[in-house]
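The lines below spell out each chain.
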Amino acid sequence: MRKLAFTQAPAPAAPRIVTAGRIRALDEAGSTPEAFLVLGDRIRHVGPVEDCREAAGRVSALEPELLDLGAATVVPGFVDAHAHPLMLGQMMSWVDCGPEKAGSIPEIVELLREAAKALPAGRPIRGYGYEQRNLAERRHPTRHELDRVATDREVYLMNASGHGGVVNSHTFELHGVTRDTPNPPGGEFFRDEAGELTGELSDAACNVLTGLEGVKIGHHGPNFHLADEPEEHRRQLAAAQESFLAGGVTTIGDCQVSRREFDMYLRLAEAGDLKVRVSMYLLSHLLDDAVEMGLHGQFGNEHLSFAGIKFYSDGTLGGWTAYFPDGYVGDPCRTGQLYHEPGDYAELIRKAHRVGLQTATHSQSPTALEMVISAIEEALAERPDPDARHRIEHCGLPTPEQIRRMAAAGIYPVNQPQHHYNWGEGVEQAIGTPGERFNPLGEFERAGVQVTISSDAPVADPRPMEAIQAAVSRVTRRGTHLGPEDLAVSLDTALRGHTISAARVLGREDEIGSLEVGKRADFAVLARDPHQTPTQELAGVEVLSTWVGGARVHGR
């Protein structure tokens with residue numbers, strides 16, 4: 001019987017004393033120790049170098065090694081509490097049509113045309129990353145414009161939101177979609193004033209691409225991973241892992257795990273190639289399976305573990321599918337949708353909460369958030385638990401009253417400041433002035449609600465320092481200051497939001513998230529001290545190396 005590589009006991013190694021120009025432990029005291037001692041994969045002492053040497057003599061007969069990182073700054077390994085690694089890996093093999101690559105529709109078409117030249121005949125052409133309000137035309141491309149890329153193969157351009165995009169005419173023909181095809185529950189094939197298909201599609205309409213494992217209203221939320229061969233998926237996941245490590249991320253909360261993703265993690269681990277720590281949130285269609293199997297709490301080991309269940313309440317602000325029953329200011333005919341009837345959703349939350357499962361629900365609009373917060377309050381009233389740690393993913397536009405209720409119920413929002421960095425102006429255009437409050441981190445902090453920062457990769461790159469800059473500045477990629485100053489947070493809060501606070505959301509604060517005795521020796525080495533870096537330069541702070549369990553897994 002083959003054994004998973006990460007279950008093997010590591011060979012005995014000499015203790016290692018780590019020192020640097022600055023060490024920011026991000027413990028409760030905010031200490032900056034001279035050094036810390038690593039034995040195996042754990043931190044055994046924190047303090048002056050000489051004290052670490054003495055401590056090494058007490059725990060090992062081997063002479064300690066000194067790892068002097070020079071003028072660099074060491075911080076705990078970043079924790080990305082909400083990401084989609086397999087989808088990120090898949091996107092890495094697609095054509096990047098984001099704002100740094102293309103500013104107009106003709107530029108996108110040209111990128112896709114160039115990519116098509118290198119692909120075998122008939123192979124689908126897939127791009128990603130455009131956000132229509134960042135384009136010169138301020139609109140989505142059309143199928144006719146994508147027909148300039150190819151008319152004999154599928155062309156799919158995914159929107160930055162991940163909740164839809166645009167296809168060419170051939171894709172519709174291949175899947176039998178015509179102007180008379182009804183919209184599926186929870187999705188839309190968009191049409192022009194004459195009723196003709198524009199090429200844009202959203203949410204459940206993407207099932208023509210993803211098949212039966214796609215979006216299910218009333219069942220579970222979107223799984224937009226396009227099916228590939230298992231070995232290709234394993235390669236994609238391995239590539240995504242390297243991208244996280246390059247950003248200094250040592251632990252990931254994967255918030256979209258189906259059997260496919262779970263299998264890929266097991267394959268990667270079996271090959272000895274799983275370098276990051278992963279906490280998995282199973283999509284809600286697996287809730288009954290989890291309950292039946294007795295997965296009533298966290299389960300796994302230090303590398304791969306089950307954390308909870310992922311739900312969806314509505315769509316996305318970027319794709320205009322978040323639920324606004326009175327319509328969008330930018331398009332009154334659009335309302336978005338709820339994924340569940342409120343009563344059905346409340347029963348799902350009760351079912352998970354009764355057995356002690358943490359829930360993580362994607363929710364953006366005030367109406368959708370009301371459904372989520374009310375359901376959690378009802379579940380807690382039925383079975384009180386002062387430390388349930390139910391999560392709300394994105395939590396883009398809660399009302400002040402909802403934030404107060406979240407504080408009382410111990411609900412943890414998990415935000416992505418890179419969302420407002422990349423397309424904050426678009427939220428204002430979509431829903432009007434209230435869009436200025438998108439990601440109200442400062443309001444959370446003042447209400448006593450923990451601030452947690454993540455990437456939502458591939459919606460944004462897993463680059464914690466960029467997310468931290470966005471959280472501290474509230475300035476978008478296009479230079480707009482989004483909302484009042486008090487929606488921002490301090491640098492210390494932002495750093496903690498991507499380390500120890502994120503670890504707490506995952507239920508792992510006792511082993512990761514800060515540099516303290518007894519915790520895993522996970523850390524990132526930065527070229528500059530964030531506290532000595534101007535706010536507008538934080539995103540450019542280079543990650544020199546990334547360490548997991550005391551071993552360097554990325555960088556020089």
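Rules used throughout
Residues numbered from 1 in each chain as written. Predicted model: local features only at pLDDT ≥ 70, side-chain atom pairs only at ≥ 80, totals over all residues. Heavy atoms only, no water. Helix = DSSP H or I, 4+ residues; strand = E, 2+ residues; numbered from the N terminus. Buried < 20%, exposed > 50% of the residue type's maximum accessible area, 1.4 Å probe, protein only. Contact = heavy atoms within 4.5 Å. Areas by Shrake-Rupley, 256 points an atom, 1.4 Å probe, with all protein chains shown as cover. Lys, Arg positive; Asp, Glu negative; His and termini not counted. Charge placed at Lys NZ, Arg CZ, Asp CG, Glu CD. Axes fitted to C-alpha atoms, helices over the stretch in contact; angles between N-to-C directions. Parallel < 35°, antiparallel > 145°, perpendicular 65-115°, else oblique. Nonpolar A, V, L, I, M, F, W, Y, C, P; charged D, E, K, R; others polar. Pairing = 2+ DSSP bridges. 1 Å grid on protein atoms, 1.4 Å probe; cavity = no way out; pocket = protein on both sides within 12 Å on 5 of 7 lines; lining within 4 Å. Points joined across faces, edges and corners; volume = space filled by probe spheres on them. Disulfide = S-S within 2.5 Å. Right-handed = clockwise from strand over helix to strand, strands pointing away. Phe/Tyr/Trp six-rings, centres within 6.5 Å; stacked < 30°, edge-to-face > 60°. Lys NZ or Arg CZ within 6 Å of the ring centre and 35° of its normal.

Along the protein, the regular secondary structure elements total 17 helices and 23 strands. When the backbone C-alpha atoms are referred to their principal axes, the protein occupies close to 80 × 55 × 55 Å. Put simply, the protein has 556 residues, and 60% of those count as buried. Expressed as a percentage of contacts within the protein between residues at least 6 apart in sequence, the contacts between residues at least 24 apart total 71%. Total accessible area on the protein stands at roughly 21,100 Å², and carbon and sulfur atoms take up 50% of it. Taking the average place of the 54 positive charges on the side chains of the protein and the average place of its 78 negative ones, the gap between the two points comes to 3 Å.

With that settled, the discussion passes to the packing of helix 7 (residues 230-246) against helix 8 (residues 259-270). The N-to-C vectors of helix 7 and helix 8 enclose an angle of 75°; their axes lie 9 Å apart at closest approach. Considered as vectors, helix 7 and helix 8 are oriented roughly perpendicular to each other. Only Arg260, Met264, Tyr265, Arg267 and Leu268 of helix 8 make contact with helix 7, whose side of the interface consists of Pro230, His233, Arg234, Leu237, Ala238 and Gln241. Looking at the contact of helix 7 with helix 8 residue by residue, the class counts come to 6 nonpolar, 2 polar and 3 charged.

Looking now at the side chain of arginine 133. Tracing the backbone through its elements, the reader meets arginine 133 in the loop between strand 9 (125-130) and helix 4 (143-146). For arginine 133, a relative accessible area of 4% corresponds to the buried category. Those residues in contact with arginine 133 that lie beyond four places of it in its chain are Arg138, Leu317, Gly318, Trp320, Gly426, Gln429 and Arg478.

Turning to the sheet that holds strand 1 (residues 16-19), a few remarks are in order. Strand order in the open sheet formed by 4 strands is 4-3-1-5, and the pairing between neighbours is mixed. In this open sheet, the two edge strands, each paired with only one partner strand, are strand 4 (42-47) and strand 5 (65-68). Averaged over all pairs of adjacent strands, the angle between strand axes in this sheet comes to 25°, irrespective of strand direction. Summarising the sheet, strand 1 and strand 5 pair through 4 bridges and their orientation is parallel. Its bridge partner being in strand 5, isoleucine 17 is matched across the sheet by leucine 66. Docked against the sheet, helix 1 (residues 49-59) engages strand 1, strand 3 (35-39), strand 4 and strand 5, running at close to 15° with respect to strand 3.

With that settled, the discussion passes to the layout of surface pockets. A probe as big as a water molecule, rolled over the atoms, marks out the empty space that is left. Taken as a whole, the second largest pocket holds about 530 Å³ of empty space. Lining of the second largest pocket is provided by 28 residues; of these, Asp96, Pro99, Tyr128, Val459 and Asp461 occupy positions nearest its centre. Take the lining of the second largest pocket: its biggest share by element is 3 residues, from helix 13 (residues 417-431). Among the residues making up the lining of the second largest pocket, the classes are represented as 12 nonpolar, 9 polar and 7 charged.

Let us now look at the environment of alanine 352. Within the element layout of this structure, alanine 352 appears in helix 10 (residues 342-354). Taking the relative accessible area as the measure of exposure, alanine 352 reaches 0% and is therefore buried. For the pair alanine 352 and methionine 92, spaced 260 residues apart in the sequence, the C-alpha separation amounts to 34 Å. In this structure alanine 352 touches Leu287, Leu357 and Thr359, once residues within four positions along its chain are discounted.

Turning to helix 15 (residues 464-473), a few remarks are in order. With respect to burial, helix 15 is a largely interior element, 10 of its 10 residues being buried. When helix 15 is considered as a whole, its buried residues turn out to be Pro464, Met465, Glu466, Ala467, Ile468, Gln469, Ala470, Ala471, Val472 and Ser473. Considering only its buried residues, helix 15 is in contact with strand 7 (78-83), strand 14 (249-257), helix 13, helix 14 (441-446), helix 16 (491-497) and strand 21 (523-526). Directly beyond the C-terminal end of helix 15, a positive phi value near 60° is found at arginine 474.

Proline 458 follows alanine 457 through a cis peptide bond whose omega is 15°. Here proline 458 lies in the loop between helix 14 and helix 15. Of note, leucine 26 is a non-glycine position whose phi angle comes to about 55°, a positive value. As for its placement among the helices and strands, leucine 26 is situated in the loop between strand 2 (22-23) and strand 3. Even without being a glycine, histidine 394 presents a positive backbone phi close to 80°.

Within the open sheet, the 6 strands sit side by side as 8-9-10-11-13-12. Their pairing is mixed. Two strands in the sheet have a free side with no partner beyond their single neighbour: strand 8 (95-96) and strand 12 (187-191). In terms of strand pairing, strand 11 (residues 164-167) meets strand 13 (residues 197-203) through 3 bridges, oriented antiparallel. Within the sheet, the bridge partner assigned to glycine 165 lies in strand 13 and is leucine 201.

This structure, assessed with the given rule, holds 0 disulfides. Unpaired in terms of disulfides, cysteine 206 finds its nearest cysteine sulfur in cysteine 97, a separation of 16 Å. On the basis of relative accessibility, which here comes to 1%, the residue cysteine 206 falls in the buried class.

Right, let's get into the pairing of strand 18 (residues 358-363). Consecutive side chains of a regular strand alternate in pointing toward one face of the sheet and then the other. Among the 6 residues of strand 18, 6 are classified as buried, and the element is accordingly described as predominantly covered. Alternating residues of strand 18 divide into Gln358, Ala360 and His362 and Thr359, Thr361 and Ser363, and every residue in both groups is buried. Where strand 17 (residues 304-312) meets strand 18, 5 bridges bridge the pair, whose relative direction is parallel. Along strand 18, the bridge assignment pairs lysine 310 with alanine 360. A crossover links strand 17 with its parallel partner strand 18, the connecting element being helix 10, and its sense is right-handed. Note: strand 18 against strand 19 (residues 391-394), 4 bridges, orientation parallel. Bridge assignment links threonine 361 to a residue of strand 19, and that residue is isoleucine 392. Handedness of the crossover joining strand 18 and strand 19 through helix 11 (residues 366-382): right-handed.

On inspection of all chains with the given rule, the structure shows 9 aromatic pairs. Considering the side-chain rings of tryptophan 320 and tyrosine 328, the 5.4 Å spacing of their centres and the 5° angle between planes classify their relative orientation as stacked. By relative accessible area, tryptophan 320 is classed as buried at 11%. Residue tyrosine 328 is classed as buried on the basis of its relative accessible area of 1%. Cluster of aromatic residues (ring-pair linked, three or more members): Phe36, Phe523 and Trp547. Residue placement shows arginine 391 over the ring face of tyrosine 281; its charged tip is 4.5 Å from the ring centre.

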